[in-house]
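For reference, the chains in residue letters:
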Amino acid sequence: MSTIRFSVSSVSHAMRGQRLLASAGIRAAVRRGEVDPSTGCGYRLELIDATQSPRARRLLLEAGLLRDGGGRR
Amino acid sequence: MNLYFDNAATSRPKPACVGDAMARALIACGNPGRGGHVYAMNAARVMWEAREAAASLFGVSNPENVIFTLNCTQSINMVLAGALYPGDHVVVSDVEHNAVMRPLTEWRIPYTAVRTVAGDTAATVAAFEAAIRPTTRLIFCTHASNVTGEILPIAALGELAHRRGLALAVDGAQSGGILPLHMVRDHVDFLCLPGHKGLYGPSGTGLLLSSQKLPLAPLFVGGTGSHSLQMTQPESWPERMESGTPNVVGVAGLGAALRWLSPRRESVAAHEFAQGKRLWERLSAVRGVRVHTACPSPETTVPLVLFSVDGESSEQTAERLGQCGVAVRAGLHCAPTGHRKLGTLPDGGVRVAPGAFTAAEDVDRLVALVACRRSV
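Residues numbered from 1 in each chain as written. Chains lettered and ligands numbered in written order. Predicted model: local features only at pLDDT ≥ 70, side-chain atom pairs only at ≥ 80, totals over all residues. Heavy atoms only, no water.

Caption draft 1: Up close: the overall build of chain B. Helix and strand counts for chain B come out as eleven helices and 13 strands. Its C-alpha atoms give chain B a radius of gyration of 21 Å, within 12% of the compact-globule value 21 Å for 376 residues. Counting only C-alpha atoms and orienting by the principal axes, one finds that chain B spans roughly 70 × 55 × 35 Å. Restricting to contacts in chain B with at least 6 residues of sequence separation, those with at least 24 account for 66%. (Helix = DSSP H or I, 4+ residues; strand = E, 2+ residues; numbered from the N terminus. Rg over C-alpha atoms; globule rule 2.2 N^0.38 Å. Contact = heavy atoms within 4.5 Å.)

Caption draft 2: Structural detail: the nonpolar core. All names here are of chain B. Ranked by size, the top nonpolar core spans 50 residues in total, and within it Phe 128, Leu 191, Leu 199, Leu 207 and Leu 209 carry the most contacts. What Leu 209 contacts, discounting residues up to four positions off in sequence, is Ala 54, Phe 58, Val 60, Asn 65, Val 66, Met 183, Asp 189, Phe 190, Leu 191 and Leu 193. The next biggest cluster of nonpolar side chains, apart from the first, holds 27 residues, and it includes Met 78, Ile 109, Ala 173 and Leu 216. (Core = buried A, V, L, I, M, F, W, Y, C linked by side-chain atoms within 4.5 Å. Buried < 20%, exposed > 50% of the residue type's maximum accessible area, 1.4 Å probe, protein only.)

Caption draft 3: Here's a closer look at the interface of chain A and chain B. Every contact between the two is made by 15 residues of chain A and, on the other side, 21 residues of chain B. Of the roughly 1,400 Å² buried at the junction of chain A and chain B (both faces included), carbon and sulfur atoms supply 54%. Applying the counting criterion to the chain A and chain B interface returns three salt bridges. In this structure, the salt-bridge partner of Glu 52 of chain B is Arg 19 of chain A, at a minimum N-O distance of 2.7 Å. (Buried area = accessible area lost by both parts, 1.4 Å probe. Salt bridge = Lys/Arg side-chain N within 4 Å of Asp/Glu carboxyl O.)

Caption draft 4: Spatial organisation of the sheet that holds strand E6 (residues 167-171) of chain B. Residue and element names in this part refer to chain B. Pairing within the open sheet is mixed, and its seven strands lie in the order E2-E8-E7-E6-E5-E3-E4. If you trace the sheet from one side to the other, it starts and ends with strand E2 (66-69) and strand E4 (111-114), each paired once. In this sheet, neighbouring strand axes are inclined to one another by 20 degrees on average, regardless of whether the strands run parallel or antiparallel. Along the sheet, helix H2 (residues 38-58) contacts E2, strand E7 (190-194) and strand E8 (206-210); its crossing angle with E2, the most-contacted strand, is approximately 115 degrees. Running over the sheet, helix H4 (residues 98-106) touches strand E3 (89-93), E4 and strand E5 (136-142) and is turned about 150 degrees from E3. (Pairing = 2+ DSSP bridges. Axes fitted to C-alpha atoms, helices over the stretch in contact; angles between N-to-C directions.)

Caption draft 5: View of the environment of Gly 206 of chain B. Positionally, Gly 206 of chain B belongs in strand E8. Apart from residues lying up to four places away in sequence, Gly 206 of chain B is in contact with Ile 67, Phe 68, Thr 69, Leu 70, Asn 71, Ser 75, Leu 193, Pro 194 and Gly 195 of chain B.

Caption draft 6: Spatial organisation of the packing of helix H1 (residues 16-28) of chain B against helix H7 (residues 248-261) of chain B. Residue and element names in this part refer to chain B. Where H1 contacts H7, the two axes come as close as 8 Å, and the packing angle between them is 145 degrees. Relative to H7, the crossing made by H1 is right-handed. Every residue of H7 that contacts H1 at Cys 17, Val 18, Ala 21, Met 22, Ala 25 and Leu 26 is listed here: Val 249, Gly 250, Ala 252, Gly 253, Ala 256, Ala 257 and Trp 260. Tallied by class, residues from the contact of H1 with H7 come to eleven nonpolar, two polar and no charged. (Left-handed = near helix turned anticlockwise from the far one by under 90°. Nonpolar A, V, L, I, M, F, W, Y, C, P; charged D, E, K, R; others polar.)

Caption draft 7: Representation of unusual backbone geometry. Residues and elements named next belong to chain B. Here Trp 237 and Pro 238 are connected by a cis peptide whose omega angle stands at 0 degrees. Mapping Pro 238 onto the fold places it in the loop between E8 and H7. At the junction of Leu 345 and Pro 346, the peptide bond is cis and its omega measures out at -5 degrees in the coordinates. Looking at the element boundaries, Pro 346 is found in the loop between helix H10 (336-342) and strand E13 (349-352).

Caption draft 8: Local environment of the side chain of Asp 189 of chain B. Residue and element names in this part refer to chain B. With respect to the helices, strands and loops of the structure, Asp 189 is situated in the loop between E6 and E7. Side-chain polar atoms of Asp 189 contact the side chain of Ser 211, separated by 2.7 Å. Setting aside residues up to four positions removed in sequence, Asp 189 forms contacts with Leu 166, Ala 167, Leu 168, Met 183, Leu 209, Ser 210, Ser 211 and Lys 213. (Polar contact = N/O pair within 3.5 Å; in protein donor to acceptor, adjacent residues only side chain to side chain.)

As structure tokens, then:
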């Protein structure tokens, strides 16, 4: 199964996002990789269960933690 | 015998969990936001959890609006430097600490200092309102004076600011952890706090909480661990306001202190007020002692007492007590405004303030030593 990762703009966004998803029952890990040019940051939220991707994406977008179009495999 | 009554300067002792958290952070934490390894992530988590604890205690919905600083003075500087445009006018009280008055003076910010009326909310609010000009952008006032102990009606001033389209900034140095304050309910836009007084965190920590109603330009700019190709400061909080390596160990201690305080804030405050009242009553009964402040009570006066001993300067009294192992603070307390209002210039006074761990017996021993005039 491919991994779903959401690029965020800062480590604080990653922490807030992780908490937000956890409160919705979605487990996500905070990872750092190559800097995403769209965010200027290398931090990402990596979903433990990729099937929850649509719901996670919606929650992160509503919280202002994702730019529209964010999220990639 | 060692008695500590300088909690208005910094609280001690700290709860045991504070030192424990700091020791753990020293081993487990690296630099937050600068890497993906376990030490960087530990640090990021410690910082985040401390933000959450502060946000919860003061009614901030988004922990990203909690900034860590070195102390309350730095937080105040950040607001005065970052929230105002040239020509903006500020309304302050007549009992502000030098942390507010010196930036206003040094940076030539136009201001009006309003005479507050202790215990009279309507008169105080009316005085603030009368001082508002077309160029006023901000009301900046202390929640409680570190000299007079007077509690200002922050909620009413917040309502005034909100009604008049202004922002309210609060110096919570003497109230944080002692008096209830909810940023949304009380219409507070900037709350400046020391981590090391009523919040029981370590020295070298402070907080700035923002409602985000008024934009704030950062005072310190530089590396934030993100957007490194961008030569301007990132837009998103908290990184925008926290350049450079933070005091991770200090914040770890502060986070532990906030989590210790949160479930027991009311009981700690009640204890401090009770000991403050005991101090006031017993010192007031000593012949030759003049008490300059009102009796501590949650409605009017925070738990500190300012007094003088006939025939001694305040420094002489403090030295005498110090030789007996008692820690107090004498002089002007970085707030000549408050002493001017009390009429205690130029000598000032001796300030005593109980803390969470002050026992009634400590109060009684202090009073006995104040009353004892034998040279040591």
